[in-house]
Structures are given as structure tokens and as C-alpha cells.
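Structure assessment
Residue strings, one per chain:
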Amino acid sequence: MTSLASSRELLDRPTVPGALLAMLAGVAAVGILIEGAGQWQALVVDVVGLALCAGGYVAWRRGQQVAGALSAIAGGVLVLVALALAVSQPEAMTERLELLPGLLGLAVLLAGLLPVRSSWERRLVSTGAALLFVGVVTSGVVRGASEIQLLAAGVASVLAWDLGEQSVSLGGQVGRRARTRRAELVHAGGSLVAGAAILAVTLGVAALDVQGLSLAGFAVLLVAAFALVFALRQ
Amino acid sequence: MSDVRTTGRWRGVVALSLFAGAVGLLAQRPSLLLLASAGVGYAVYPRLVPAPPEPELAIERTISEKTPSHGESVDVSVTVRNEGDRWLSDLRIVDGVPALLPVVDGTPRRATALGPGDETTVEYAVEGREGKHRFEPTTVLSRDLSGATERTTTVHEPTVLDCGVSVPQAALRDLTRRRPGELQTDDGGSGLEFHRMREYRRGDPMKRIDWRRFASGGDLTTVEFREEQAAAVLLCVDVGTETAPGEPGGRPTAHAVARSVAAADRLAAALADANHEFGLAALGPEPCWLPLGVGRAHLAQLRHLLDTDLAFAPSTVAARRSDAEPFTPEDGLGDVAPEVSDSPRGPTVDQPGAPGAEPALSDGGQTVVDDQGHADATSGRDRQTAELRERFGGNTQITLLSPLADDDILGTVRTLEAAGHPVTVVSPDTTAGESVGNRLAARERTTRIRALRRLGVPVVDWQTGDHLGNALARTMEGYR
């Protein structure tokens, strides 16, 4: 009966290649904005902790309950350590804050992709990606990170959501056991090219001597962009 | 035939832009305003990618064994080729595995990207279950590169998996047409088995005169043999009635229909071998009718109908549930392929009762639910019976293949018997299982069998896993 139950669950869980790609994009969204060894330390510990959690989950699914639980607990502790490192390590108060949403976002993203609770996958993936984006915005506010860094990290957080959602969608329609790699790689390629194009266009616009433009001018530009988007939607 | 919908998956991305823009304005950071363009860009992205084209797909399905035995594993391989000249960047393929066959190895699903002329092969294995099982159309979902538009199509490659053993002899009752055949009658005449001796009458053939007796006693006597004649049998498969969805009570299920159809196939083969006349009719919402005939060609025609006619299609039986429970995407997030319901929904009465069955991929037999919904069950049966009676002549006997899942079928049998057509019921038992619903259904079925036997109608109670030939022989002994 165990094989029966597990195969039932295997059917609607997010696919593995997409989940891996999404996590990769998420880590990139955090990593691109990092400055200083203390923050790197925190990110590495967080990633190791999350990997242990995922490994524990897989072991649990395969019937090794004890090993799985131990690994997951160790992973959870490491994630907490990473959060503590992120808060305590950097000297500047501003830097202490900027890593928190990103690290939390990675944990929530993983929780959605495992998934910790079925039918919550989309909610968790969206929340995780939103936290990643909040992390990017925080970096922009507290530290004034460079435009290219901010944009790349922003694109990476959108990619994390896109690939995570794709993985959830494929999991629902064809299941975790089906071969999905090709479809997911092509989709990821498309989104990545779109991201690169966005980056290039935005930086190109920025290079047209935007320095001289006032904030109000920027805001108007943004409003114009929104108007364009909504016009396209009609 | 394809169905386009927008998934709306990029809808929320503008919120990121608004958030970044608002924070940028408040904190007076121009760089955050630039960041807002990321969200705007991704909101425009789905507009720029081409919509998914109408997929031109060729599909080929091979099965390792067309007539497996019960429980035997059958390898299925489905090759899907992109015949069009455009890329299909996100193609999700779900093969239409017959509802009753559990997938035992691999998965009948695949997601891939296919360039022009590319192909992909999905391989999996199903386990044979008694009955005739038709593969349903393969569902193909094609999304554009961004995933914003989704096109649902089905590609049909008819494949039939026929599981079961042949029967040596059909169930026949003693009513005959005057054609020489295998059915033994109580009339004397020419034949093989000795019937009686009688006094010679003028015109009796010389070779039938008992010359030994003439030599010893001098009186002429004629030997009579049991006459063997051909019967005309209409095989009638009960596919259920048009009942309102969700209405309680047992109705024939996909499981019952699969076994009934397989039994009809075997009985027809036995009838053809014995040179009887046979025909086919469906007692169900979709009409199907094959007039009486003899021979192998007629048998082939009958088999073709059983394999392909809509009246016996699993979609007639099972897919009607999709009308009862329409597919509703929830806020564009509902990502369930509409015709690919894997949920082990609803078999209250019917379970193949196989512990190895995988409910994830086999829905274990769906109740028959018709889309016309409101038609009364009783009038449905009456109308079906009346239609049936119009079609065939007086000397026909009927073999009714029915799981006996509703009381109205008794009325059908009574009507036919009263009209002078001897009825034999072959009833696949689909009530195996320990659930309360199954036990209740089994109880009701037993009561119906008793009621029919009291009428003098032979009922072959065909248990799951039982040899149909044995079940027939056991029952028909008492009626010879």
C-alpha cells in the first residue's frame, strides 16, 4: 500500500528540474546583491541548510523516516543559524536588514516546491518570490546598490517565481514522475532571454544620460510605461 | 478541435513594478524606479511571444500484447510527432489510458518541446484486466513560450486491448429457427444423436430404415435422430440509462461495460463457430444495431462495432462525468488538464476489487452519467426496450449482457419474455469489494438474479476472475 500512496502523491507534486532551476534563480537573486564576507557566509549556510531540508524530505518520502527527520531538523537549524548570521554579522545596521527577506524567501520558495503542504504550492512559491523581490528593493533603499545589480537581481527573483510556477503547473498536469526536462529548459530559456532583453533595454535607457533626469521625470516615465502595459492588455 | 484559454500567470507581475515604483518614489531612489521596469517588461513579455499554433500532431500507439491475460503486464509505447512547421515549445501529453487498466510501470505523461518534425515517445506499462478496453484520445496541452496561452487538443489513435479467454459454447435456450445447426432440440428428424424409433411412413428416406429389424421381424421401422438446428441470437449489451448525474443507485459502470463487451465478443465467436445467426444491439443512450447474420465476416463486423462504435465507448460511459463536473479554472491558476482526471472519484458501487490497482491512474470505473440529465430512468429503459423490440423478428432469442445494476432492467427482461423472446442473462459481477456500498449493491444484485430465475430466465452469474465458459456451462446445464 505504501507504493500506492506514494505514487498518488507523486502525481501532483512540482517537477524536480523546474524546482532546481527556480531555487537556482532564487539564490542568484540574493547572491547578486551581496557585499562582504559576512553576508556570503550567511547565504552559504542558508543554502546548505535548505539542501539538507530537501534531502531529508526526499529520504522521508523513500521510507527512511529517521534519517530524513534528522537531516531536515539539522537543515532547519542551519537556516536559523543563517538568519542569525545575517542579522548579527555585518557591522552596519543597514546591511543587517537587507539579507533577511531574501533568506526567508528562499526557505518559503523551497517549502512551496517540496511541497510542505499540497495545494499550497502556488501560494508559497509566490510568497517566496515576493520576499526575494522585497529583499532586492530593500537593498536598493538601504544601500543604494548599483542599477545593474538591482535589475539583475529583480529579474532573477521574477525568474524564480516563473520557473517555480512552471514546475508546479507541470507537476499538476503531468506529475513528478514524467520526463519534463526539455519543456522546462526551453521555458526557462525563453524567460531568461526576456530577462536579458529587459536588462539591456533598461540599461540602454539609463545610459541615455538619465542622471540629469529628476525623480519626477522618472516617475512620469514609469507611469507612461504602465499606461503602455495596460493599453497592450486591452 | 482545440480549446484556447489564457492562463493569466503573468498577471501579478505588474504588482512588483508598482511596489518597486512606490518605494522608489518614497525613498527617492531613481535606481528603484529602474527596477520597476523589470516587472513591466515581464508583463509585456507574454504579448510578444507568438501564440501557440494549432498543433499538427501524428500519434502512433503500439502495445506489446493485444490480447493479454488477466494480470499480465502490457507495454504501451506512444509516439507523438510534430507534423507542423512551427515549434511547440511547451507540449504536455497525457495518453488516454483506459479507465480500468492500472498503470504499473512508468507514466503515460510527458512534457516536452517539439521542433518541426521532432517526435517523442512515451513508454509505460499497464496491467491487463478482464474485459475489452479502448484507449481514449490522447490529451495534448500546448503552451506558448511564456505559458500565458494554453491550447487543449485531443489526438485519437484507436487501440483496443482485449483481455479474457474464449468460450466454447454460447448460452442458448430451446427456441429455434429451421436451419441446421448445433442446438439440440426435442424434435426428431435427421441429426447425430438417437432420438426414437417409429413406424415407417411413406416417404421416409431408405437409409433411415432399420433394416436389421426388418430382417428379423418383417415390419418396417424408421430411426429418428435428434434434430439439430440453428438459433438466432441477439447479443444485447446493457450500457445503462440516461439518469440524472449524482442520483443514487447502481448504474452500469465502465468496468461492467468493458466485461460485457468482452463477453459479447466471445459469445459471438462461439455462435459464429456453431453456425448460429447472431446480431448485436446496445441497450443504452447511444443506439447501436447489427442485424442478424452468420459467418466469420459477420463476426468481424460485430467485433469492429464493439471496438469502435460510440455506444460502447468508455467516453459514453465514463466521460460524461465531465459534463456533470465542469472544468473551472480557479483564477487562471487551476492547472488541471480537463480530461485527465486522475482522482479516484466516486466508484461507490463498482470496484474491480484488485489490490494492485493504482487508484492514481485508474479511476476504478465510473458510473454512467448522461448529459441529458433529467430523463427519467424508468422511461429510459422502457424507451430502449421499445426501440429494441421494433428491430428484430419473432424467433430471435436474446442474450442480455448486463451487470443488473438497476431494477428497470428486470422490466426489460419481462417485456422481452412476454413478447416471446427467450432471454438469457449473462451478468458480470462488479460488486466485489468490502465497502458498504459494494455490499449493498451485491445484495440488490442477488435479489434481482433471484427474481429473474423465478421467471425462468437463466442468469449466468459471472464473478470477477471466473472463466466465462465455465460459468455458462454451470448455469445452462439446468436449462437443457
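Below is a summary of the structure that appears in this document. (Residues numbered from 1 in each chain as written. Chains lettered and ligands numbered in written order. Predicted model: local features only at pLDDT ≥ 70, side-chain atom pairs only at ≥ 80, totals over all residues. Heavy atoms only, no water.)

As for the overall build of chain A
To keep things clear, this is the line we draw: Numbering of helices and strands starts at the N terminus; helices are DSSP runs of H or I of at least 4 residues and strands are runs of E of at least 2. Note that the radius of gyration is over C-alpha atoms, with the globule rule given as 2.2 Å times the number of residues to the power 0.38. The classification of residues rests on relative accessible area computed with a 1.4 Å probe and restricted to protein chains. Under 20% of the type maximum is buried, over 50% is exposed, and intermediate values are partly exposed. For the accessible areas, the method is Shrake-Rupley and the probe is 1.4 Å, while residue cover comes only from the protein chains on display. Two residue types count as positive, namely Lys and Arg, and two as negative, namely Asp and Glu; His and chain ends fall outside the count. All charge positions are set by atom: Lys at NZ, Arg at CZ, Asp at CG, Glu at CD.
Helix and strand counts for chain A stand at ten helices and zero strands. Ordered by position in the sequence, the α and β elements of chain A form the string α-α-α-α-α-α-α-α-α-α. The C-alpha atoms of chain A give 20 Å as radius of gyration, which agrees with the globular expectation for 234 residues (17 Å, within 12%). Principal axes of the C-alpha set define a box for chain A whose edges measure 70 × 50 × 25 Å. Within the span of chain A, comprising 234 residues, buried residues form 49% of the whole. Roughly 10500 Å² of accessible area belongs to chain A as shown, and the carbon and sulfur atoms make up 71% of that amount. Across chain A, 15 positive and 13 negative side-chain charges occur, with their mean positions spaced 16 Å apart.

Section: the sheet that holds strand β15 (residues 277-283) of chain B
All names here are of chain B. Note the cut-off: Only strands that DSSP links by at least two bridges are regarded as paired with each other. For helices, the fitted line uses only the C-alpha atoms of the stretch in contact; every axis is such a line through C-alpha atoms, and the angle between N-to-C directions lies from 0 to 180 degrees.
Across the sheet, six strands lie side by side as β16-β15-β14-β17-β18-β19; this open sheet has mixed pairing. Because the sheet does not close on itself, it has two edges, and the strands there are β16 (289-293) and β19 (459-462). With strand direction ignored, the average angle separating the axes of adjacent strands in the sheet is 15°. As paired strands, β15 and β16 are joined by three bridges and run antiparallel to one another.

Quick word on the pattern of salt bridges
Residue and element names in this part refer to chain B. Our working rule: Each salt bridge in this description consists of a side-chain nitrogen of Lys or Arg and a carboxyl oxygen of Asp or Glu lying within 4 Å of one another.
A full pass over the atoms with the stated rule returns 26 salt bridges over all chains. For aspartate 95, the salt bridge identified is with arginine 61, shortest N-O distance 2.7 Å. Here the residue aspartate 95 occupies a position in strand β4 (residues 88-96), and arginine 61 occupies one in strand β2 (residues 57-63), the gap between them amounting to 34 residues. On the accessibility criterion, aspartate 95 (6% relative accessible area) is buried. The class for arginine 61 is buried, based on a relative accessible area of 6%. Its salt-bridge partner being lysine 132, residue aspartate 265 comes within 3.1 Å of it at the nearest N-O pair. Taken together, the positions of aspartate 265 in helix α4 (residues 254-273) and lysine 132 in strand β8 (residues 131-134) put the pair 133 residues apart, joining distant regions of the chain. There is no split in this pair, since aspartate 265 and lysine 132 are both buried. Salt bridges sharing partners connect three or more residues here, namely Lys132, Asp162, Asp265, Arg266, Arg303 and Asp307.

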